[in-house]
Amino acid sequence: MSAESLTVNTENTVETKQAFGNTTFMRMTKYMGLRVVTMAITVAIGVYLTILIANMGGYVDTMMRNEIRDNMTQSILANPAFRNLTPEAKAELVQKKIASEEARQGLNEPFAIRSINYLVNALTLNLGRAIYMISDHGSKEVRLILLERLPATLLLTGTAELILFFGSVFIALSLSRKYGSWLDKLTIALSPTSAVPAWFYGIFFILIFAAILRVLPFGGLVDVPPPENPVDYALSVLKHLILPATSVIVSAIFLSIYNWRTFFLIFSSEDYVEVAKAKGLAPRDVERRYILRPTLPTIITSFALLAITLWTGLTITETVFLWPGLGITIFRAIGAYDTPVIVGSTIIYAYLLALTVFLLDFVYALVDPRVKVGAGGAQ
Amino acid sequence: MNAIQNTFRELVRFPSAILGLTIIFFLLAVSVYALVTIPYSEAIRLWRGGEDVWYQNPKYAAPAWFNYFSSVKKPVSFKVGTLDGGMTKTVKPVNQDISTVEITYAFDYTYDTPPQEMTLYFTSKFDQKLPFVSILWHTPDGREIQIANMAVDRRTTYRFSQDTKLQKRLKTDYVMNSLFLEPNSQPPKTVKGKYQLVINGTAFESGSDIDAEFVFHGDLFGLAGTDKYRRDLFLPLLYGTPIALAFGLLAALSTALLTMIIAAIGTWYGGWVDELIQRITEINLVLPFLAILIMVGTFYSRSIWLMLGVTILLSIFGGAIKGYRAVFLQAKEASYIEAARAYGASNLRIIFTYLVPRMIPLLIPTLVSSVAGFVFLEASLAVLGLGDPVLPTWGKVINDAFSDGALYQGYYYWVLQPAALLMITGFGFAMLGFALDRIFNPRLREM
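Predicted model only: the values in this text are computed from it and were never measured.

### Section: the overall build of chain B
- Counting secondary structure elements, chain B contains 17 helices and 9 strands.
- With respect to the three principal axes, the spread of C-alpha positions in chain B is 100 × 50 × 40 Å.
- In chain B, which comprises 447 residues, the proportion classed as buried is 55%.
- Put simply, 75% of the contacts in chain B that link residues at least 6 apart link residues at least 24 apart.
- For chain B, the accessible area works out to roughly 20,100 Å², and carbon and sulfur atoms hold 61% of it.

What follows is the structure, encoded as structure tokens:
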């Protein structure tokens, strides 16, 4: 909420001895290597915690057992070699197979070992099979159900985040130039509007633009039936994208502008900026070289943090707009009590968050001079 | 004390802070009123009640104040009974066994459309012989309509529009139209004025008695309208206030305090403690917050208090720790801490009496603003279908409305009322928080 959240990662790089490698490339590789390792460990622990929470009531165990029973029963019923057996003999055979398969997959092991097995499954995206839900292509694999939904979520998050981020940074820059103007005051006055989440604005937008004015669709990704022509298809998606993306943007933009504006104002009162101004540099150059450049790491950090909030926050926005992404899949899975899908999507989210943090680190390393000149390094 | 006074004096300089404070005080007053007038268990009983509790209300009725904004005045629901004194009842003994009971009720009807339904609920006392009633309807234009003649059991329900005999007698499928509309008017117009319902009853035993309750289902109901299950939405709107505030305040307060204490401990002890706390914060960043809440809600319990606990647990290692840490690192080197160390203060004493209190001015704005977020979190969970199953909350109302397609079907009041309350709450806390931030955060003061 406050401006502090913008400076989260800056002190993360600490002074270390300049012992290893002298080329920028070597230092970058070393830095990235360390970050990959720490990130991997972090993700593993995060996913492991997720599994622990999920399995506290034995839910993952049940999932695994159900899947084994399904598979074994199927394989025996479908196998022509067993067609002549009596039903009793078949049932016995199934029981035996299930027992041996459970032993093979380690379901009889103590929980400590079992949970490691689950962790490996989760990390390799071996998420099991859904109970009720099926993907659009008819598969019951949780991985496929979720991955199929990912593009829609990416489209919505990406559009909203890019507009939101660049919009707020540039508006904030121009506001910090005219600070004290009525536009500036208006933004400050409007910043509490960000207390309201996106889905909430979504309700109002649906009400106004879909229910009353009838100019934009209530929800969904494309028209029904979807247009054949790719251009029409894209236009239709765009039309459906307007309301959800707008509600995400509206819900965050004023606070974002306010934070950036404050941040830029603080930085533009630094001595070196005053010196640059005194030297008579063009305001544009001052802004680019003396305000934007040193604040770049912070800007990038906040970009990633924004992405993280958007990732998880979109669950309900998607549900409200019937946007066929990951969020609505979770929502449907809750309704259907489809345990594997819920656990699976939690894991996918953990992955997405980790990837975002990792990408952040990468870009961070590119722009942070402390990493480049070798003073920085991962802890 | 002086500091609080000063803060308050500065606060009143911000119009948004005054507005925010007013909203918060109003919400607190509503909460106290709700908790005093409706006990917790009673609220749950009413909210969970079905037809037996809410039979008197129409379904999907918009709030009565809609008439102020509409040119077509729609009928407002009401109910009266002999037991609560709303209907006049006169008992005249005819002889030692037989007595007549006359129940009348007159009401002004000024609306432009006929009501949905009218129902009479009879209760009677007798040993063997059922009492008998005949129901008459007087319209303002002087017509007298014979509604029904029937014997009433201990509990008898009579619904005007479902009486096929009456339909035949009036030669219409819509009883309400012929009772309330001007005959042969085109376009249909209601007859406005005083309507009278007369129930002439006869009891055939001594000690036998008849009571009646007249329930009038209009298109509008009460202050907040009703939902699909006939429940009065005023209950969840009223009772949702203390629940939302409790959730928001408890979550915000405990998260902020615990986060700060953890940051203080980390910076004070340093070394592996600090390192551990930082690593946990990083892992926490990767944990998908909402997804885990969803998992807990689906697998264990949807109780709002468990959700609160998990929310706090997942929030205490949030990004704020890093911000606090930076400030504590500076404070740690301050000379008064050194002095405390010199006189031999214990670690815990330094943390709790010297480090933590120093952060409180920085903490308060964040805390106040974050209440809004937590109030909305509760609503978000409810909208996802993970709301507390027994408690009447704002989010639950929105969820019910959504699952019934309220926006598509035009029941806007159903969504808009809880939404407006949520929004007012959110804005109230956010505005106060922002003003506090500008007061306590000296860097922001001039900006």
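Still more ground to cover, so stick around.
### Considering the domain arrangement of chain B
- According to the domain assignment, chain B contains domain 1 (2–43 + 233–444) and domain 2 (72–217).
- A C-alpha centroid distance of 54 Å is found between domain 1 of chain B and domain 2 of chain B.

### With respect to the interface of chain A and chain B
- Facing 67 residues of chain A, the contacting portion of chain B comprises 52 residues.
- Summed over both sides, the interface of chain A with chain B buries roughly 5,300 Å², with 77% coming from carbon and sulfur.
- Along the contact surface separating chain A from chain B lie 0 salt bridges.
- Where chain A touches chain B, the interface holds 1 residue pair in polar contact (both at pLDDT 80 or more).
- Elements with a contribution of two residues or more to the side of chain A that touches chain B: helix H1 (24–55), helix H7 (198–212), helix H8 (230–268), helix H10 (283–321), helix H11 (326–336) and helix H12 (339–367) of chain A.
- With 11 residues, H1 of chain A is the single largest residue contributor to the side of chain A that touches chain B.

### What to know about the domain arrangement of chain A
- Parsing chain A into structural domains produces domain 1 (13–123) and domain 2 (148–337).
- Computed from C-alpha coordinates alone, the two centres of domain 1 of chain A and domain 2 of chain A are separated by 37 Å.

### Examining the sheet that holds strand S2 (residues 88–93) of chain B
Residues and elements named next belong to chain B.
- Strand order in the open sheet formed by 5 strands is S2-S3-S8-S5-S6, with antiparallel pairing between adjacent strands. The open sheet is flanked by S2 and strand S6 (144–151), the only strands paired with a single partner. On average, each strand axis in the sheet is inclined to that of its neighbour by 15 degrees, with strand direction left out of account.
- The pairing of strand S5 (residues 132–138) with strand S8 (residues 193–203) spans 7 bridges and is antiparallel.

What counts and how
- Residues numbered from 1 in each chain as written.
- Chains lettered and ligands numbered in written order.
- Predicted model: local features only at pLDDT ≥ 70, side-chain atom pairs only at ≥ 80, totals over all residues.
- Heavy atoms only, no water.
- Helix = DSSP H or I, 4+ residues; strand = E, 2+ residues; numbered from the N terminus.
- Buried < 20%, exposed > 50% of the residue type's maximum accessible area, 1.4 Å probe, protein only.
- Contact = heavy atoms within 4.5 Å.
- Areas by Shrake-Rupley, 256 points an atom, 1.4 Å probe, with all protein chains shown as cover.
- Domains from an automatic or database assignment.
- Buried area = accessible area lost by both parts, 1.4 Å probe.
- Salt bridge = Lys/Arg side-chain N within 4 Å of Asp/Glu carboxyl O.
- Polar contact = N/O pair within 3.5 Å; in protein donor to acceptor, adjacent residues only side chain to side chain.
- Pairing = 2+ DSSP bridges.
- Axes fitted to C-alpha atoms, helices over the stretch in contact; angles between N-to-C directions.

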